[in-house]
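Listed here are the chains, written in short residue letters.
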Amino acid sequence: MFLSETFLFIFSMIITGLLAFIYVYFIITLSDLECDYINAQQCCDRLNMWMMPILSGQGFVNIFFLLHGHFWLFLFNLPITAWSAYELIKVPSGNLGVFDPTEIYNRGQLKTHMRDVLIKIAFFLVAFFVYLYSMIVSMLTAGQPVQAMGSPPSEFDEF
Amino acid sequence: MPAGNPLFNHHNHEALEQNTMMQPPIVPPQQQPGAGGGMFNSHPQQQPQQPPLPAAYQNHHQPQQPQPQPPVQGGGGVGTTNPFHHQQQHHQPHIPQHLTQPQPPPPATVQHPPPGGITSSANRYPPNPALLQQPQAPPQQPQQYAQQQQQPQSQQGPYLPPQNAAQQQQQPPQRYVISGQPVNPSNLYPTIPTQPLPSPGPTTNNYSQQYQTQPGVGGGGGLPQNSHGHNNQYPAPPQQNPHAYNNGGVGMGVNQVTAGMNNMSVTQQGFNKLWGIDHADLLKTRQVLPPEGVKSPEIRFPHDYMNHVNCSPDLFRCTLTKIPETKTLLQKARLPLGILIHPFKDLTQLPVIQCSQIVRCRSCRTYINPYVYFVDQRRWKCNLCFRVNDLPEEFQYDPVTKTYGDPSRRPEVRSGTIEFLAPADYMVRPPQAAVYLFVLDVTTLAVDTGYLKTLCDVLLEHLDTLPGDSRSQIGFITFDSAVHFYNMNSSLSQPQELVVCDIDDIFIPCPDNLLVNLDESKEVVKHLLTNLPGKYLSSQNEPRSALGAALLAAQKILGPIGGRITVFCASLPSVGPGSLPNRQGDVKTVKDLSTALNPSTDFYKKLALDCSTQYIAVDLFFLNSQYSDVASISCISKFSGGSIQYFPNYHMVENPVQAKLFEQAMVRYVTRKIGFEAVMRVRCSRGMSIHTFHGNLFVRSTDLLSLPNVNPDAGFGMQVSIDESLSDFQTVCFQAALLYTSSKGERRIRVHTLCLPVAGNVNDVIQSADQQAIIGLLAKMAVDRSLSSSLLDAREAFVNAVVDVLSAYATTQNSLPNLALVAPKCLQMLPAYTHSILRSMGFRADLRPRLDDRSQFMNQMKTLPLYQLIQTIYPDLYPLHTIASVPLASVPQSSRSTTPENGEEEEKYPQFPVLHLCSDRIEATGVYLLDQPDSILIYVCRNVSTQFCEDVLGVQGFVALHEMDDLPELETEWSNLIRNFINYLQSNKPYQVPIRIIREDSKERMWFVNSLVEDRGEGSVSYYEFLQQLKNMVK
């Protein structure tokens, strides 16, 4: 609609790649916390700052897929976006964010966060390659006439 | 966030204390010449006149804390029978009129005598509690120690403490003398009794029937007036034998006896009793509360020598006194594992050590403790991480005998609790001075209560005894809809008030003199305190409160130094930052509670974390009669290591009981010890980890707890998990180290070490449970649960926890009678405690308690030390009228409030038995004392004996009795004994609480009757019904 197929996938690839990198940063920060290299407040300040950018990135990708009519890809993306949004909404009013320095050591929250981040990284890696594949496919198909896809050219037609 | 602050950048395996090593030494270590390197001196600066001989080392090894003694072995009373049970058993309960129908009060005019006894508290607390804990060594003390040391050592090995010292250290047991029935080994095997029995009575009633027939109405239902039955019951041993009724019941038929014993061989039962691991059927056993009260279970080591050096159970408790060796085993036992700690409790005797190098493990930074293993004279093996470390040269030196070569004689390895004077390595900055900032609410509501007068009077009186030294600073802020500052420069004749109305962007009106040196400006401070109460008159004041702005201002003033902010709050903050909505109306059902109990804004939490990094603690006093959102505001204290005290409906005139309580609490508050810039670290043996922390603290990194201030009334709890198998070890250890700056500007480290044996089978683990600690930990977990999930979940979790434990126990017993709810002896009170806590203000599933009351109850569950926590849940009830027949005990040294004069005899107090909180324990002729954390109620029943009235209450009889605030001081033996007993109870509390004497027919009787939690209440089941519910759930 707005973008050509190829550019749509390039765009979502870049965003997904960025998100994956942010989550790698999350993992590093959380494991720093686990090893006592930083304290809880620093850690949570750093991580909470990224929650909104992550959600908006995912939201953009989702909306673009919807607008361009890629319903399968939209559905593929939807759960993880909904999860991020849910995390943000469910923050209790007294907490400082998804990562709360006063609670992160309690009830194994650190481990839960670590697990969540790993799941998200795995998802974004898969998504990245899905988009990469889709992009290549769209580049290949964009160069060829449509009808050629429908009936493969016979070698003997020219003769 | 001050990034340059080394406290916040510490690295793995580097304790906070290590981090600071790169700092230049700020205070030179107290080196004194001639002590061979090891210098032991508690406070050389303060007591330079001390004799220099071994006296330089003050270690008081005569433990004064009574070691918990096990109750009399269970085997004792097996072969004998207890006639009293029969008598009581066959008394048909009948509804007593004296509880169900309040009669009109007698026409006698009710007079309130002046509160004489209770306000004389000034001498109850020594002027400076900080001195309490520093051993005031009398000159002969070190010599005593020397004698103790010089006695021949036992030959058990280099690391063993001397055997004779071990014996000396064991306090002569304060055993509860139970009349009759000596423990005789020949009695240990139960036999069907052959001695003549008293007449068993007309019919065979068993207890379940009796319970069911009890009408449980209101809280005051069925009180059988079994005067003689009960009166005689108490000297009986604790009900340990589930078959006691049966034993006595030869007349009832042998069937019951055999039915009860068919599954268990007589020999096995006898052995179980011998080891104290027998169990009872809760549905049939009515008396599960031991008469001497529930004590902490004894920790039993394979080697006897380890017993006496462990940390006192008042300071450090674990929910299990034997740690299961694997996680699977813990799950099989289905018990929560955690530790409860009261690290800064006021101690009368504490070894204090000063040395140039504190011996710690190089890898895990554990402090050397009694449970390390000395590989040889020069090396020791850490008991937490098992690294072998070198001993420094000075550790070889024994300061008492002045000899070298035996490290096991050092006080570090002879006491589970010890305090070090920390050298400069342990300081991030020079130790701060004592700094107190008072933030006072002067809105209309607050001024109306009249608290300012009490507060200022208490402060004026104790201005000289505030803990601190010549550097102490003090400041005041008041707030209504504006923030008022007071310039108290010493050159001024009277304080200068500065009002800041711009509360949305608060600023400090003048850079200094808001916080002044107490010594220099004492006159100005006194002037302010004298005039402050009169300055604010309720008519002129603003109703709106700008608490948030005042707190921000206070933080700005204290920021560079750190210290303590004391906030008095009587109204809901309604303007400026941190203003809160009134959420009371939002709560329509129980499900809405969890939102209303959570804070509504993150303002206070953010501020608390900022305060925490600046070493500021905020202590809260709530004096509200209306909703003021304790749940939100208390966050400011929860995460800054403060304390929260709550005086609902406080009014100086109209609520004299609360007013008295507030005054006592204030006196305690301003004079109690305080530790500034504190951090606590709890370490545990390899294979275990600490994962969830409870209490007013901020967990800065995995195990470093930041406590900007630490106070002696704060308790903490931690949940522990087992990560690896512990089967290679015989014992595991927990060590809590609290680093703080005393009010005198000394950096000190208090170290508590708790060592527990490891057990390999489920039965051992369950038998080792500590029911009070379990309830303490469960309560903390339940608070978390009700905040994160819902109150109903928390209640369910409570019940499930008990059901789990009892089911786990049932599976370990291969054959049990079918219709029984069997609990091991160490867990028999667990259902009663649980039942009581489910009915408490915090966890009851109705909307009757006010939101603030509920919030504060939950705060208390998180922070109270275990003793007070249990008393909050399940107060102690004593029958005072049995005074003629109870044994006497002498008041322990620690809890004696005043030092006895020379030649005076030891104070004796009667050891009343503790009763179940159940109305059928109340006799019409009785007088009962209910010991609650915030009050002592004396409940006088109608048919009380005239002698008791005359000798104790000072009136001719019940008719002449009026409600009083204290017992009259009469020169009779009974009066003396009972007043000693009350003093003893008061001495176990942080401060004296008001006493109320209540007639059975007065309105105030509901205070007492509502505390009988085992009865059926409105909307809640009775204890017996609760047990039946449990029975149905236990598989």
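- For chain B, the Sequence similarities (unreviewed entry) comment in UniProt is given as "Belongs to the SEC23/SEC24 family. SEC24 subfamily."

- The name that an unreviewed UniProt entry assigns to chain A is Protein cornichon, with the source organism given as Orchesella dallaii.
- Here is the UniProt Subcellular location (unreviewed entry) comment for chain A, exactly as written: "Membrane".
- What the UniProt record of chain A gives under Sequence similarities (unreviewed entry) is the line "Belongs to the cornichon family."

1. Notes on the side chain of Asn-106 of chain A
Here comes step 1: With respect to the helices and strands, Asn-106 of chain A occurs in the loop between α3 (71-89) and α4 (109-143).
Here comes step 2: In this structure the side chain of Asn-106 of chain A is engaged in a polar contact, spanning 3.2 Å, whose partner is the backbone nitrogen of Phe-693 of chain B.
Here comes step 3: Those residues in contact with Asn-106 of chain A, other than ones at most four positions away along the chain, are His-691, Thr-692 and Phe-693 of chain B.

2. Quick notes on the packing of helix α29 (residues 946-953) of chain B against helix α30 (residues 973-987) of chain B
Residues and elements named next belong to chain B.
Here comes step 1: It is the contact of α29 with α30, at a shortest axis distance of 7 Å, that shows an interaxial angle of 65 degrees. Considering their axes alone, α29 and α30 lie roughly perpendicular with respect to each other. Read as a crossing pair, α29 and α30 show a hand that is right-handed. Between α29 and α30, the contacting residues are Gln-947, Phe-948, Asp-951 and Val-952 on the first element and Trp-974, Ser-975 and Ile-978 on the second.
Here comes step 2: Taken together, the residues of the contact of α29 with α30 break down into four nonpolar, two polar and one charged.

3. Details of the sheet that holds strand β6 (residues 373-376) of chain B
Residue and element names in this part refer to chain B.
Here comes step 1: Sheet architecture is open: three strands sit in the order β6-β7-β8, paired in antiparallel fashion. Two strands close off the open sheet at either side, each with one partner strand: β6 and β8 (388-390). Averaged over all adjacent pairs, the angle separating strand axes in this sheet is 35 degrees, with direction ignored.
Here comes step 2: In this sheet, strand β7 (residues 379-381) lies alongside β6 in antiparallel orientation, the contact comprising three bridges. Among the inter-strand pairings, Tyr-373 is bridged to a residue of β7, identified as Lys-381.

4. Considering helix α2 (residues 40-67) of chain A
Residue and element names in this part refer to chain A.
Here comes step 1: Given a rise of 1.5 Å per residue, 28 residues ought to cover 40 Å, and the 41 Å separating the end C-alpha atoms of α2 matches this to within 8%.
Here comes step 2: Where α2 bends most, the angle comes to about 30 degrees, and this point is Met-51, followed within four residues by the proline Pro-53.
Here comes step 3: Two or three places before Gln-41, at the start of α2, stands the capping residue Asn-39, its side-chain oxygen 2.9 Å from that residue's backbone nitrogen.
Here comes step 4: Gly-69 sits one or two residues past α2 and shows a positive phi near 80 degrees.

5. Some remarks on the nonpolar core
Here comes step 1: Formed by 301 residues in total, the largest nonpolar core has its most connected members in Phe-476 and Phe-734 of chain B.
Here comes step 2: The leading source of residues in this core is helix α1 (residues 5-34) of chain A, at twelve residues.
Here comes step 3: If you look at the next biggest cluster of nonpolar residues, it comprises 14 residues, including Cys-355, Ile-418, Ala-422 and Tyr-426 of chain B.

6. Digging into the interface of chain A and chain B
Here comes step 1: Residue-level contacts link 19 residues of chain A with 25 residues of chain B.
Here comes step 2: For the pairing of chain A and chain B, the buried interface totals around 2100 Å² over both sides, and the portion due to carbon and sulfur atoms is 51%.
Here comes step 3: It is Asp-36, Gln-41 and Tyr-105 of chain A in chain A that bury the most area against chain B; as a group they hold 29% of the surface buried on that side.
Here comes step 4: A salt bridge links Asp-100 of chain A to Lys-605 of chain B, with the shortest nitrogen-to-oxygen separation between them at 3.0 Å.
Here comes step 5: At the boundary of chain A with chain B, the tally comes to eight residue pairs in polar contact (both at pLDDT 80 or more).
Here comes step 6: No other element matches the three residues that α2 of chain A contributes to the side of chain A that touches chain B.
Here comes step 7: A per-class count over the side of chain A that touches chain B returns six nonpolar, eight polar and five charged.

7. Quick notes on the pattern of salt bridges
Residues and elements named next belong to chain B.
Here comes step 1: Within this structure, the stated rule accounts for 34 salt bridges over all chains.
Here comes step 2: Put simply, Asp-346 and Arg-668 hold a salt bridge, and the shortest N to O gap is 3.2 Å. Here the residue Asp-346 occupies a position in the loop between β4 (338-341) and β5 (352-354), and Arg-668 occupies one in helix α22 (residues 656-671), the gap between them amounting to 322 residues.
Here comes step 3: Since its relative accessible area comes to 8%, Arg-668 is described here as buried.

8. What to know about the sheet that holds strand β31 (residues 927-932) of chain B
In a beta sheet, neighbouring strands pair by backbone hydrogen bonds and run either parallel or antiparallel.
Residues and elements named next belong to chain B.
Here comes step 1: Spatial strand order, β28-β31-β32-β33: four strands in an open sheet with mixed pairing. With one partner strand each, in any of the chains shown, β28 (876-879) and β33 (995-999) form the two edges of the open sheet. Across the sheet, the mean angle separating the axes of adjacent strands is 20 degrees when strand polarity is ignored.
Here comes step 2: In this structure, β28 lies alongside β31, joined through four bridges in antiparallel fashion.

9. A look at the packing of aromatic side chains
Here comes step 1: A full pass over the atoms with the stated rule returns 33 aromatic pairs over all chains.
Here comes step 2: Centre to centre, the rings of Phe-386 of chain B and Phe-729 of chain B are 4.9 Å apart; their planes meet at 25 degrees, and the pair counts as stacked. Separated by 343 residues along the polypeptide, Phe-386 of chain B in the loop between β7 and β8 and Phe-729 of chain B in the loop between β24 (716-722) and β25 (731-741) bring together distant segments of the chain.
Here comes step 3: Look at Phe-621 of chain B and Phe-647 of chain B: their rings are 6.3 Å apart centre to centre, the planes differ by 5 degrees, and that puts the pair in the stacked class. With Phe-621 of chain B in strand β18 (residues 616-622) and Phe-647 of chain B in the loop between β19 (644-646) and α22, the pair connects residues that are 26 residues apart, well separated along the chain. With respect to class, Phe-621 of chain B is no different from Phe-647 of chain B; both count as buried.
Here comes step 4: Among the aromatic side chains, those forming a connected cluster through ring pairs are Tyr-451, Phe-568, Phe-621, Phe-647, Tyr-650, Phe-662 and Tyr-669 of chain B.
Here comes step 5: If you follow Lys-120 of chain A out to its NZ or CZ, it ends over the ring of Trp-83 of chain A, 4.7 Å from the centre.
Here comes step 6: Arg-360 of chain B extends its terminal NZ or CZ atom over the ring of Tyr-367 of chain B, reaching a point 4.2 Å from the ring centre.

Rules and cut-offs
Throughout, residues of each chain are indexed from 1 in the direction in which the sequence is written. Numbering of ligands from 1 and lettering of chains from A proceed in the order in which they are written. Given that the model is predicted, a residue must reach a pLDDT of at least 70 before its local features are reported, and side-chain atom pairs must reach 80 or more before they are shown or counted; all residues, however, enter totals for whole chains, interfaces and linings. To obtain the side-chain values, all non-hydrogen atoms of the structure were included, while hydrogens and water were left out. UniProt positions are given in the numbering used here, feature names are shortened, and annotations may be inferred rather than shown by experiment. The secondary structure listing takes helices from DSSP runs of H or I that are at least 4 residues long and strands from runs of E that are at least 2 residues long, numbered from the N terminus. As used in this structure description, the phrase polar contact means that two N or O atoms lie within 3.5 Å; if the pair is within protein, one of them must be able to donate a hydrogen and the other to accept it, and residues adjacent in sequence are counted only when both atoms belong to side chains. Between two residues, a contact is recorded if the distance between any of their heavy atoms is within 4.5 Å. Whenever a helix is involved, its axis is fitted only over the stretch in contact; in every case the axis is a line through C-alpha atoms, and angles between N-to-C directions fall within 0 to 180 degrees. An angle counts as roughly parallel when it lies under 35 degrees, as roughly antiparallel when it exceeds 145, as roughly perpendicular when it falls between 65 and 115, and as oblique in every other case. Throughout, a crossing is termed right-handed when the near helix is turned clockwise from the far one, and left-handed when it is turned anticlockwise from it by less than a right angle. Note that Gly is not counted as nonpolar here; it falls among the polar residues with everything else outside the nonpolar set of Ala, Val, Leu, Ile, Met, Phe, Trp, Tyr, Cys and Pro and the charged set of Asp, Glu, Lys and Arg. Only strands joined by at least two bridges in the DSSP assignment are considered to pair. Take the number of residues in a helix, subtract one, and multiply by 1.5 Å to get its expected span. Fitting one axis to the seven residues ending at a residue and another to the seven starting there, the bend at that residue is the angle between the two axes. Residues belong to one nonpolar core when they are buried, are Ala, Val, Leu, Ile, Met, Phe, Trp, Tyr or Cys, and are joined through side-chain atoms within 4.5 Å. Only protein chains enter the accessibility calculation, which uses a 1.4 Å probe; a residue whose area is less than 20% of its type maximum is buried, one above 50% is exposed, and one in between is partly exposed. Buried area is understood as the total, over both parts, of accessible area removed when two parts are fitted together, assessed with a 1.4 Å probe. Salt bridges are counted wherever a side-chain nitrogen of Lys or Arg sits within 4 Å of a carboxyl oxygen of Asp or Glu. Between rings of Phe, Tyr and Trp, where Trp is taken as its six-membered ring, a pair exists when centres lie within 6.5 Å; planes separated by under 30 degrees are stacked, by over 60 edge-to-face, and by other angles tilted. Throughout this description, the term charge over a ring refers to an Arg CZ or Lys NZ atom that lies within 6 Å of the ring centre and within 35 degrees of the ring normal.

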